[in-house]
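Coordinates in review
Now for the letters of each chain:
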Amino acid sequence: MNAEELKQVKEQLKEGHFPQWMVTDPDIYRMEQEKIFAKTWLFIGHESEVKEPGDYVTRMMAEDPVLMMKNKQGEINVFLNSCSHRGTRLCTEDYGNKKAHTCPYHGWTYSLDGDLIGVVAGNKVFGEKMDKGDWGLRPIPRVESYQGMIFGNLDSEAEPLEDYLGNMKWYFDIMLGRSDGGMEVWGVPHRWVAKANWKMTSENFAADPYHVQTTHRSAVELELTPKDPMYASYGHQVVLDNGHGINVITSETGRSRLKYQGMPEDMWPMFERNLTESQQEVFSRVTNFVGGVFPNLSFISTQSGSEGNGHNHLNFRVWRPLGPDKIEILVWFMIDKALPYEFKEKSYRGFLNTFGAAGTLEQDDTENWARIVEASQGKMARDRNLNYNNVINYLMGFDNLEPDEDFPGPGTAYPSCYTDHIARSMHRYWLSLITADMEEENA
């Protein structure tokens, strides 16, 4: 991208347009790996996934395999999942418990603190010159957590996680900190691969309730969701810093049919003890929280069930890029520790039927995401010279929606969730990251 193209793209974004060629362009994808996924905070897992010393999970931070494990002191550490001898992926299991990790290639063994503690044949083959203390596992440069959510950053100079999350913490406190004991992950994350671009999937959750009535029409026909075509618009879309955002969806009346998302009444005093009055006001009215943390963490807190019996569940999901046109999706089912077991079971079944890998709503979305990349890879859609007006539309709410100054939560809140304010904010932040060096060179 040269200086003139950069200028044009900036102008297009200001006008509510996004060049379609940037969705699946291979060069853009390489820039994203270097300037976004190597520089921003990426979600790795939740502390409840590693309860006991020796518990571990293996994850990916974009293209980097990582090993998250709890040591004997109860500390959670994250290392590059690569043996320091020949670089082999050290641990191949998704999760488990071990006293130590031994490389399957040459047998080097590492402690729960990442120290090299065993070398096959030791001094007989390496002599005494090699210091095992120099060859432990390589820790991820920055690992920090918020409300039990563990994030990593490959940039040692990155701003602290809490600063990066900014006002999103206020909303995370409602979803993750409302109950005594916090949240826990049930089971293991669902994982599957889809034909999609990570930007479009992140945008779908963080910024696009507008798709619900059309994409999820089958849910309307089954009377799982209301027939009112505006029902997902009621509430507020809240734009936050650093490309983050959240939709606080209510109803036409401004309130949810079920207070506190249908949670048991005997838990309400606990919510009121753990949350501020403003947080209680938002939580008591909300039907769904749907949003995202840039670049690729999304979440939805909703209700599911039948015959009027809704059970709240929260899922966090990561859209891990496998290329400009392919992603791996990881979905964590999370639930309040303080809930009774029966409620958790019913909530989990509702999650499986809707947002699990084979859930009805999940399949609807995946089909559309595939069609986006299919239509964005051809010559015409990627033509940026002959027809630079090859753009897609982000004009919803562009000049006909003003912020609601009376909204009780932080951020810039717009009085409708049918708007592109978060999407435009995400794409502006995305562009600022991938063009940061270019802007300095062209200054």
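These notes cover the structure that comes with them. Every chain begins its residue count from 1, and numbering advances along the sequence as written. The predicted nature of this model means local features are confined to residues of pLDDT at least 70 and side-chain atom pairs, given and counted, to a pLDDT of 80 or more, with totals for whole chains, interfaces and linings taken over all residues. Water and hydrogen atoms play no part in the side-chain values, which are based on all heavy atoms of the structure.

**Observations concerning the overall build of the protein**
Secondary structure elements follow DSSP: runs of H or I no shorter than four residues count as helices, runs of E no shorter than two count as strands, and numbering proceeds from the N terminus. For the protein, the helix and strand inventory stands at 15 helices and 21 strands. Computed over C-alpha atoms, the radius of gyration of the protein comes to 23 Å, within 12% of the 22 Å expected from 2.2 N^0.38 for 443 residues, which places it in the range of a compact globule. By the convention used here, residues are in contact when the closest approach between their heavy atoms is within 4.5 Å. Taking the contacts inside the protein whose residues are at least 6 apart along the sequence as the reference set, 67% of them involve residues at least 24 apart. For the protein, the exposed surface amounts to about 19900 Å²; the carbon and sulfur share of it is 47%. For the charge count, each Lys or Arg is scored as positive and each Asp or Glu as negative, with His and the chain ends excluded. By convention, the charge on Lys lies at NZ, on Arg at CZ, on Asp at CG and on Glu at CD. Charge separation in the protein, taken as the distance between the mean sites of 44 positive and 65 negative side-chain charges, equals 6 Å. Radius of gyration: over C-alpha atoms. The globule rule applied is 2.2 Å multiplied by the number of residues raised to the 0.38 power. Accessible surface is estimated by sampling points in the Shrake-Rupley manner with a 1.4 Å probe; for residues, cover comes only from the protein chains shown.

**Overview of the side chain of Asn71**
Mapped onto the elements, Asn71 comes out in the loop between strand E4 (64–70) and strand E5 (76–80). A residue is classified by how much of its surface remains accessible, and Asn71, at 0% relative accessible area, is buried. Within polar-contact distance, the side chain of Asn71 engages the side chain of Glu75 at 2.8 Å. Polar contacts here mean pairs of N or O atoms no more than 3.5 Å apart (in protein, one a potential hydrogen donor and the other a potential acceptor; neighbouring residues in sequence count only if both atoms are side-chain atoms). Within polar-contact distance, the side chain of Asn71 engages the side chain of Asp113 at 2.8 Å. Once residues lying within four places of it in the same chain are set aside, the contact partners of Asn71 are Pro53, Asn77, Leu112 and Asp113. Burial classification: accessible surface area is computed with a 1.4 Å probe over protein chains only, and a residue below 20% of its type maximum counts as buried, one above 50% as exposed, and the rest as partly exposed.

**Considering the packing of aromatic side chains**
How two aromatic rings sit relative to each other is given by the distance of their centres and the angle of their planes. Aromatic contacts are taken between Phe, Tyr and Trp rings whose centres are within 6.5 Å, Trp giving its six-membered ring; a plane angle under 30 degrees counts as stacked, one over 60 as edge-to-face, and the others as tilted. If you walk through the whole model with that rule in mind, you get 26 aromatic pairs. Aromatic ring contacts, followed pair by pair, group Phe43, Phe151, Phe172, Phe299, Phe316 and Trp332 into a single cluster.

**Structural notes on the sheet that holds strand E3 (residues 55–61)**
Judged by pairing direction, the sheet is antiparallel, and its four strands sit side by side in the order E5-E4-E3-E6 without closing on themselves. Each having just a single partner strand, E5 and strand E6 (95–97) make up the two edges of the open sheet. Adjacent strand axes in the sheet meet at a mean angle of 25 degrees, parallel and antiparallel pairs treated alike. The pairing criterion for strands is at least two bridges between them, as found by DSSP. In the sheet, E3 pairs with E6 via three bridges, with the strands oriented antiparallel. Think of each axis as a best-fit line through the C-alpha atoms, taken over the contacting stretch in the case of a helix, with angles from 0 to 180 degrees between the N-to-C directions.

**Some words on helix H6 (residues 168–176)**
Within H6, nine of the nine residues are buried, leaving the element largely enclosed by the surrounding structure. Listed as buried for H6 are Met168, Lys169, Trp170, Tyr171, Phe172, Asp173, Ile174, Met175 and Leu176.

**Some remarks on the sheet that holds strand E7 (residues 101–102)**
Strand order across the open sheet formed by three strands is E7-E8-E9, with antiparallel pairing between neighbours. Because the sheet does not close on itself, it has two edges, and the strands there are E7 and strand E9 (116–118). As paired strands, strand E8 (residues 109–110) and E9 are joined by two bridges and run antiparallel to one another. Pairing of Tyr110 across the sheet is with Leu116, part of E9.

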